[in-house]
Amino acid sequence: MKLSDLKVVVTGGASGMGRRFVERLLEGGARVAAWDMNEEGLAALQADHPGAALLAQRVDVSKEEQVAQAMGAAWEALGGLNALVNNAGIFRDSLLVKRDKATGEVQTMTLSQWQTVLDVDLTGPFLCTRELSRRLVEGGGETPAVIVNISSVSRAGNMGQANYSAAKAGLVADTVTWAKELARYQIRVAAIAPGFIETPILQGMRPEMVDKMVQQVPLRRLGGADEIFAGVRFIVECEYFTGRCLDIDGGLRL
Ligand SMILES: NC(=O)c1ccc[n+]([C@@H]2O[C@H](COP(=O)([O-])OP(=O)(O)OC[C@H]3O[C@@H](n4cnc5c(N)ncnc54)[C@H](O)[C@@H]3O)[C@@H](O)[C@H]2O)c1
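Residues numbered from 1 in each chain as written. Predicted model: local features only at pLDDT ≥ 70, side-chain atom pairs only at ≥ 80, totals over all residues.

So what exactly am I meant to see when it comes to the site of the ligand here?
Near the ligand you find 29 residues, and of these Gly 12, Ser 15, Gly 16, Gly 89 and Thr 199 are the closest. Of the residues contributing to the shell around the ligand, the split by class is 15 nonpolar, twelve polar and two charged. (Near = placed C-beta within 6 Å. Nonpolar A, V, L, I, M, F, W, Y, C, P; charged D, E, K, R; others polar.)

Below is the structure:
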């Protein structure tokens, strides 16, 4: 598939990597539905890219009805769909159990911290993938299509991220499951596990924390959103690629 063939939904398209994916896809000639909950970000994206090739939709990917309704609207507006990038994601970091050295007080990850991350980072891709695939299969399952899931290096387990690691590992497991289940309908499913990438998520961190992170990376720098988009482009274009996860992380997992 070529970028110019794509009619694609990008979740989390108003910020960070998602926004860069939307821009690069539009430059490549794709028609794009950008989904996000950040209305300001969506409005800015739409203002920067006026025209019929971009549809900006306010969608919470963790809500079943919203995803079903938005997928129908995007299908209608773009004249069908043949691609999805499950990129929307959040984290709510906390240790499972932590004792404060000074006070002796014990704190835990709350059920809400656990559930919110699972809802957005794992249930979201499940709902989006199901709603797109259902429509493709209803249409006869003869049109090639591709789904890219954005996981994380944290899928291998990371301190303070029991919720995020579980969601991102689950997403790679489901990448394999869906690749196996959907191949018969010409739908490929693959994942990317980015390392530390320069996006607004990192801007909230103290510079010394970011330095500490960079020291763990064999290539000694943060990655860029365009380097992750190179992975998206590869997955779109290589039609023999399915069911695998590309680690694009500067060697972090070596
Ligand atoms: N930045 C990194 O270092 C890094 C590393 C590994 C993986 N990732 C993953 O890459 C993806 C993009 O991250 P980013 O760094 O660009 O972050 P970001 O915060 O800049 O972008 C995430 C976007 O998702 C949107 N979003 C959040 N909840 C949503 C929901 N319920 N429904 C719809 N949209 C929602 C946000 O509004 C935001 O626009 C995420 O899945 C993240 O987990 C990021």
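Sorry if this is basic, but what is going on with the sheet that holds strand β9 (residues 245-248) here?
By definition, the strands of a sheet pair up through backbone hydrogen bonds, in either a parallel or an antiparallel sense. Strand order in the open sheet formed by seven strands is β3-β2-β1-β4-β7-β8-β9, with parallel pairing between adjacent strands. This sheet does not close on itself; its edge strands, each paired only once, are β3 (54-58) and β9. Adjacent strand axes in the sheet meet at a mean angle of 15 degrees, parallel and antiparallel pairs treated alike. Bridging between strand β7 (residues 145-150) and strand β8 (residues 187-194) involves six bridges; their strand directions are parallel. The residue bridging Val 146 from the neighbouring strand is Arg 188, located in β8. The sheet contacts of helix α5 (residues 162-182) involve β7, β8 and β9, and relative to β8 the element is tilted by about 165 degrees. Helix-sheet contacts for helix α8 (residues 225-237) involve β4 (83-86), β7, β8 and β9, and the interaxial angle to β8 is about 160 degrees. (Pairing = 2+ DSSP bridges. Helix = DSSP H or I, 4+ residues; strand = E, 2+ residues; numbered from the N terminus. Axes fitted to C-alpha atoms, helices over the stretch in contact; angles between N-to-C directions. Contact = placed C-beta atoms within 7 Å.)

Before we go on, may I ask you to explain α5 in this structure?
An α-helical turn contains 3.6 residues, so any two residues separated by three or four positions project in the same direction. Between the first and last C-alpha of α5 there are 29 Å, a value that for 21 residues agrees with the 30 Å anticipated at 1.5 Å per step. Of the positions making up α5, those classed as buried are Asn 163, Tyr 164, Ser 165, Ala 167, Lys 168, Leu 171, Val 172, Asp 174, Thr 175, Trp 178 and Leu 182. Where α5 is buried, its residues contact α4 (111-138), β7, β8 and β9. (Expected span 1.5 Å × (residues − 1). Buried ≥ 20, exposed ≤ 12 C-beta atoms within 10 Å, placed from the backbone.)

Just to check I follow, could you spell out the nonpolar core for this structure?
Nonpolar side chains tend toward joint burial in soluble globular proteins. Of all hydrophobic cores here, the largest spans 65 residues; its most connected members are Val 8, Val 9, Val 10, Val 32, Ala 34 and Val 232. With seven residues, the single largest contributor to this core is α4. Not counting chain neighbours up to four residues away, the residues in contact with Val 10 comprise Gly 18, Phe 21, Val 22, Val 32, Ala 34, Trp 35, Val 85 and Asn 87. (Core = buried A, V, L, I, M, F, W, Y, C linked by C-beta atoms within 7 Å.)

Honestly, the packing of helix α3 (residues 64-78) against α4 in this entry has me stumped. Any pointers?
For any two helices packed against each other, one specifies the crossing angle of their axes together with the interaxial distance. Where α3 meets α4, the axes come as close as 9 Å, and the angle between the chain directions of the two elements is 40 degrees. When the axis of α3 is compared with that of α4, the two are oblique. α3 and α4 meet at a crossing whose hand is right-handed. Every residue of α4 that contacts α3 at Glu 64, Val 67, Ala 68, Met 71 and Trp 75 is listed here: Leu 127, Cys 128, Glu 131, Leu 132 and Arg 135. Residues of the contact of α3 with α4, tallied by class, amount to seven nonpolar, no polar and three charged. (Parallel < 35°, antiparallel > 145°, perpendicular 65-115°, else oblique. Left-handed = near helix turned anticlockwise from the far one by under 90°.)

Please explain the packing of helix α1 (residues 16-27) against α8 as it appears in this structure.
In the contact formed by α1 and α8, the axes pass within 9 Å of each other and the chain directions differ by 60 degrees. Our classification of the angle between α1 and α8 gives oblique. By crossing handedness, the relation of α1 to α8 is classed as right-handed. For the pair formed by α1 and α8, the contact residues are Gly 16, Met 17, Arg 20, Phe 21 and Arg 24 on the first element and Ala 225, Asp 226, Ile 228, Phe 229 and Val 232 on the second. Looking at the contact of α1 with α8, its residues break down into six nonpolar, one polar and three charged.

Would you explain the environment of Val 117 in this entry?
Its place among the elements puts Val 117 in helix α4. According to the C-beta neighbour criterion, Val 117 is buried, with 24 such atoms within 10 Å. Note: C-alpha distance between Val 117 and Asn 163 (46 residues apart in sequence) is 6.1 Å. Once residues within four sequence positions are removed from consideration, Val 117 is found in contact with Ile 90, Phe 91, Arg 92, Asn 163, Tyr 164 and Ala 167.

Help me out: how do you make sense of α4 in this one?
With 28 residues, α4 should reach 40 Å at 1.5 Å per residue; the first-to-last C-alpha distance of 38 Å fits that figure. The largest bend in α4 is about 35 degrees, located at Thr 123, with the proline Pro 125 one to four residues further on. Immediately beyond the C-terminal end of α4, within one or two residues, lies Gly 140, with a positive phi of roughly 115 degrees. (Bend = angle between axes of the 7 residues up to and from the residue.)

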